[in-house]
Amino acid sequence: MVTPTQKLGRGKKDRIDALAETSSDAGVSLAASAWRQLRRSPVFLTGAVIIALFVLVSLLSPWLAPQDPSEAMLIDQVVKARNEIPPPQPGHVLGGDLQGRDFFSRLLVGSQQTLIVGVLATLIGLAGGLTLGTLAGAFGGWVDSVVMRVVDVMLSLPSLLLAFSISAMFARPNQYTVIVAVAVVQIPVFARLLRGSMLAQRHSDHVLAATALGVKPGAIVFRHMLPNSLGPVIVQSTLVLATAIIDAAALSFLGLGNPDDRIPEWGQMLGDVQNVFDTHPHLAFWPAGCIIVVALGFTLMGETLREALDPKSRR
């Protein structure tokens, strides 16, 4: 039985431990304190492992693939009249697809195309968002109003619908049109976030001190406001990357991606099996599962990064 004196002593010990933990964080930079929190977070570690495996497989996929993903080496086992495809067999762990190509090899090589599209679309969207956000946050006034009204119009449209409309404008959709369409959708997200961060920096002590000392406006923007506003934007890019991968897969699924099916891509692989999903659901299960797991990895890492770097959410 625990006595009231023991309870009091235990509560005092808990308060001392909390004060000790708080004092240990004193004098530590935000990045170091965030890393200390992240490396003890199972959610962050799970997302990091997923992303690391995805990137590693994507980079090494040409060497990891046991067969040529474009060669129809199992075409003699395909009977389209009865919807028969090559089953799993030695040398082909997942069997073949509707054209007799090794499905496992196409799944591995498709990860590389998915990574390329997602990363390039995010980088282009980040560059465009940084440009618009810097203009709005640095100049303010009518420049801010014009930029933000354009951003509001883009944000008012569903992202997938906007990406679909942009991609459909091209006469010959391909991998690059998918990158452009997905990148344009991400621009207003980065622009609004950076603009808000820069407006908060405008009234900070170091910016007011630089202004009082007569520092030129350009130097204030690029040396003081912009560097200190990039943190939330960089963290957001990990979350946007998950959305970019899903949007790119959706466009390829709808037939707006690369028309050359010799170069596999997960969304394209999903679109190719629409007519045989009832008889061969595993052809859709594997690419869909890969897309979900990779998007989950980026989301888990992005959310934990945002919580660790946000002083308001820190305990």
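Up top is the structure.
Residues numbered from 1 in each chain as written. Predicted model: local features only at pLDDT ≥ 70, side-chain atom pairs only at ≥ 80, totals over all residues. Heavy atoms only, no water.

### So, the overall build of the chain
On a plain count of helices and strands, the chain comes out with 12 helices and 0 strands. Order of helices (α) and strands (β) in the chain, N terminus to C terminus: α-α-α-α-α-α-α-α-α-α-α-α. In the chain, once contacts between residues fewer than 6 apart in sequence are set aside, the share between residues at least 24 apart is 71%. Of the roughly 17400 Å² of accessible surface on the chain, a fraction of 67% belongs to carbon and sulfur atoms. (Helix = DSSP H or I, 4+ residues; strand = E, 2+ residues; numbered from the N terminus. Contact = heavy atoms within 4.5 Å. Areas by Shrake-Rupley, 256 points an atom, 1.4 Å probe, with all protein chains shown as cover.)

### Concerning the pattern of salt bridges
The full count for this structure, using the stated rule, is 8 salt bridges. Of the charged contacts in the structure, one is a salt bridge between Arg106 and Asp97, with a shortest N-O distance of 3.6 Å. The exposure class of Asp97 is buried, given its relative accessible area of 8%. Here Asp144 ties to Arg195 by a salt bridge, and the two come within 2.8 Å at their closest N and O atoms. Of this pair, Asp144 sits in helix α5 (residues 141-156) while Arg195 sits in helix α7 (residues 175-202), and the two are 51 residues apart along the sequence. Look at the salt bridges and you will find they share partners, linking Asp97, Arg101, Arg106 and Asp261 into a network. (Salt bridge = Lys/Arg side-chain N within 4 Å of Asp/Glu carboxyl O. Buried < 20%, exposed > 50% of the residue type's maximum accessible area, 1.4 Å probe, protein only.)

### Quick word on the environment of Asp97
Its location among the elements puts Asp97 in the loop between α3 (42-64) and α4 (103-139). Taking the C-alpha atoms as reference points, Asp97 and Glu84, separated by 13 residues in sequence, lie 9.6 Å from one another. Beyond its immediate stretch of four places on either side in the chain, Asp97 contacts Val78, Ile85, Pro86, Phe103, Arg106 and Leu283. Within the local environment of Asp97, its side chain forms a polar contact with the backbone nitrogen of Gly100, the two atoms lying 3.1 Å apart. A polar contact is formed between the side chain of Asp97 and the backbone nitrogen of Arg101, at a distance of 2.7 Å. (Polar contact = N/O pair within 3.5 Å; in protein donor to acceptor, adjacent residues only side chain to side chain.)

### Points about α4
The end-to-end C-alpha separation of α4 is 54 Å, in line with the 54 Å expected for 37 residues at 1.5 Å each. Just beyond α4, the residue with positive phi is Gly140, at close to 65°. (Expected span 1.5 Å × (residues − 1).)

### A closer look at the packing of aromatic side chains
This structure, assessed with the given rule, holds 3 aromatic pairs. Measuring from ring centre to ring centre gives 5.8 Å for Phe54 and Trp266, while their planes differ by 45°; the resulting arrangement is tilted. Of the two residues, Phe54 sits in helix α3 while Trp266 sits in helix α11 (residues 266-272), which places them 212 residues apart along the sequence. Looking at Phe54, the relative accessible area reads 6%, which means it is buried. Where Phe285 meets Trp286, the ring centres are 5.6 Å apart and the plane angle is 75°; that geometry is what we call edge-to-face. Looking at Trp286, the relative accessible area reads 36%, which means it is partly exposed. Taken together through their ring pairs, the aromatic side chains of Phe54, Trp266 and Phe298 make up a single cluster. (Phe/Tyr/Trp six-rings, centres within 6.5 Å; stacked < 30°, edge-to-face > 60°.)

### Some words on α3
Spanning 23 residues, α3 covers only 29 Å between terminal C-alpha atoms, well under the ideal 33 Å at 1.5 Å per step. Of all the bends in α3, the greatest, near 45°, is centred on Ser58, and the proline Pro62 appears no more than four residues after it. (Bend = angle between axes of the 7 residues up to and from the residue.)

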